[in-house]
Amino acid sequence: MKTLIVYCSSHGTTEKAVGLLSENIAGDVLAVDLKRDKIFFNLQEYDAVIIGGSIHAGEIQRRIKQFMRKHLEELLDKDVGLFLCCMRDGEIAIEQFNHSFPLELRKNAVALGLFGGEFLVSKMNFFERQVVKKVDGVVTDQSNLDIASIMEFVTRFNSRKVLV
Ligand SMILES: Cc1cc2nc3c(=O)[nH]c(=O)nc-3n(C[C@H](O)[C@H](O)[C@H](O)COP(=O)(O)O)c2cc1C
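Everything numeric here is computed off the predicted structure, so don't read it as measured data.

Caption draft 1: Up close: the nonpolar core. I51 and F67 are the most contacted members of the largest nonpolar core, which totals 26 residues. When residues in this core are grouped by element, the largest group, five residues, is from helix 2 (residues 62-75). Those residues within four positions of F67 in sequence are excluded, and the remaining contacts are V6, L34, F41, L43, I51 and L75. Counting 17 residues, the second largest nonpolar core, distinct from the first, contains L21, F115, L145 and V154.

Caption draft 2: Focus on the site of the ligand. Near the ligand lie 22 residues; those nearest to it are S9, T14, S54, I55 and E118. Contact between the ligand and I55: an oxygen atom at 2.6 Å from a main-chain N or O atom of the residue. Those elements that place two or more of their residues in the shell around the ligand are helix 1 (13-24), strand 3 (48-56), strand 7 (118-119) and helix 5 (126-136). Top contributing element to the shell around the ligand by residue count: strand 3, with three residues.

Caption draft 3: Up close: a positive patch on the surface. Taken together, the side chains of K35, K38, R62 and R63 present a region of like positive charge at the surface. Relative to the helices and strands, K38 resides in the loop between strand 2 (28-33) and strand 3. Taking relative accessible area as the criterion, K38 reaches 76% and is therefore assigned exposed.

Caption draft 4: Representation of the layout of surface pockets within the structure. Approximately 590 Å³ is the volume found for the largest pocket. Along the walls of the largest pocket sit 26 residues, with I55, H56, A57, F119 and V132 positioned nearest its centre. Secondary structure elements with two or more residues in the lining of the largest pocket: helix 1, strand 3, strand 7 and helix 5. Sorting elements by how many residues they give to the lining of the largest pocket places helix 5 first, with six residues. Grouping the amino acids of the lining of the largest pocket by side-chain chemistry returns twelve nonpolar, ten polar and four charged. As a volume, the second largest pocket reaches approximately 240 Å³. In terms of lining residues, the second largest pocket is bounded by 13 residues, among which C8, S10, K35, Q61 and R62 are the most central. If you list the elements that add at least two residues to the lining of the second largest pocket, you get strand 3, strand 4 (59-60) and helix 2. Here the lining of the second largest pocket is built from residues that sort into two nonpolar, five polar and six charged.

Calculation rules
Residues numbered from 1 in each chain as written. Predicted model: local features only at pLDDT ≥ 70, side-chain atom pairs only at ≥ 80, totals over all residues. Heavy atoms only, no water. Core = buried A, V, L, I, M, F, W, Y, C linked by side-chain atoms within 4.5 Å. Buried < 20%, exposed > 50% of the residue type's maximum accessible area, 1.4 Å probe, protein only. Helix = DSSP H or I, 4+ residues; strand = E, 2+ residues; numbered from the N terminus. Contact = heavy atoms within 4.5 Å. Near = heavy atom within 4 Å. Polar contact = N/O pair within 3.5 Å; in protein donor to acceptor, adjacent residues only side chain to side chain. Patch = residues over 30% accessible without salt bridge, like charges linked within 9 Å, V, L, I, M, F, W, Y side chains within 5 Å. Areas by Shrake-Rupley, 256 points an atom, 1.4 Å probe, with all protein chains shown as cover. Salt bridge = Lys/Arg side-chain N within 4 Å of Asp/Glu carboxyl O. Lys, Arg positive; Asp, Glu negative; His and termini not counted. Charge placed at Lys NZ, Arg CZ, Asp CG, Glu CD. 1 Å grid on protein atoms, 1.4 Å probe; cavity = no way out; pocket = protein on both sides within 12 Å on 5 of 7 lines; lining within 4 Å. Points joined across faces, edges and corners; volume = space filled by probe spheres on them. Nonpolar A, V, L, I, M, F, W, Y, C, P; charged D, E, K, R; others polar.

Here it is in structure tokens:
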């Protein structure tokens with residue numbers, strides 16, 4: 001069983017979540033940061049694909065959207081997991097999740113996850129610091145990464161029915 005994880009991470013929070021997923025998802029796992037990694041992969045070789053990113057000003061990373069748009073038909077034939085890192089919770093987090101991933105993929109997914117997030121002020125540029133200070137009143141690092149949600153996602157993903 002081969003699983004591909006494609007993700008984007010601005011300051012490393014999504015990457016941390018991907019680290020936990022890579023360690024705990026059953027079978028062979030390849031994780032690719034669509035922005036940073038220059039790794040060639042052949043989507044056809046993977047039975048399962050996990051797609052994740054983070055929210056900035058209401059939007060998931062452009063490369064994640066492009067990946068889903070480009071491979072939508074192929075993804076609908078695979079076991080797909082979708083996850084999001086963000087600092088809003090409750091209804092707003094759910095709205096951001098639904099806005100980030102196409103309905104067809106969400107309906108077809110074997111696991112969906114909202115993993116919380118982090119404000120890593122120490123890694124932000126000047127502009128980002130101004131934004132989170134103004135919008136959220138945040139001036140120091142804060143972590144709200146939801147490890148329990150990540151492990152719940154892993155359990156659901158690993159317990160999916162695999163057709164052989
Ligand atoms: C400039 C900026 C804008 C953000 N906008 C949002 C937002 O609109 N909604 C939200 O839930 N979280 C927002 N966040 C929080 C990020 O989703 C959170 O920091 C996440 O953990 C980032 O993950 P990453 O480091 O993997 O990119 C924002 C963070 C920054 C720095």
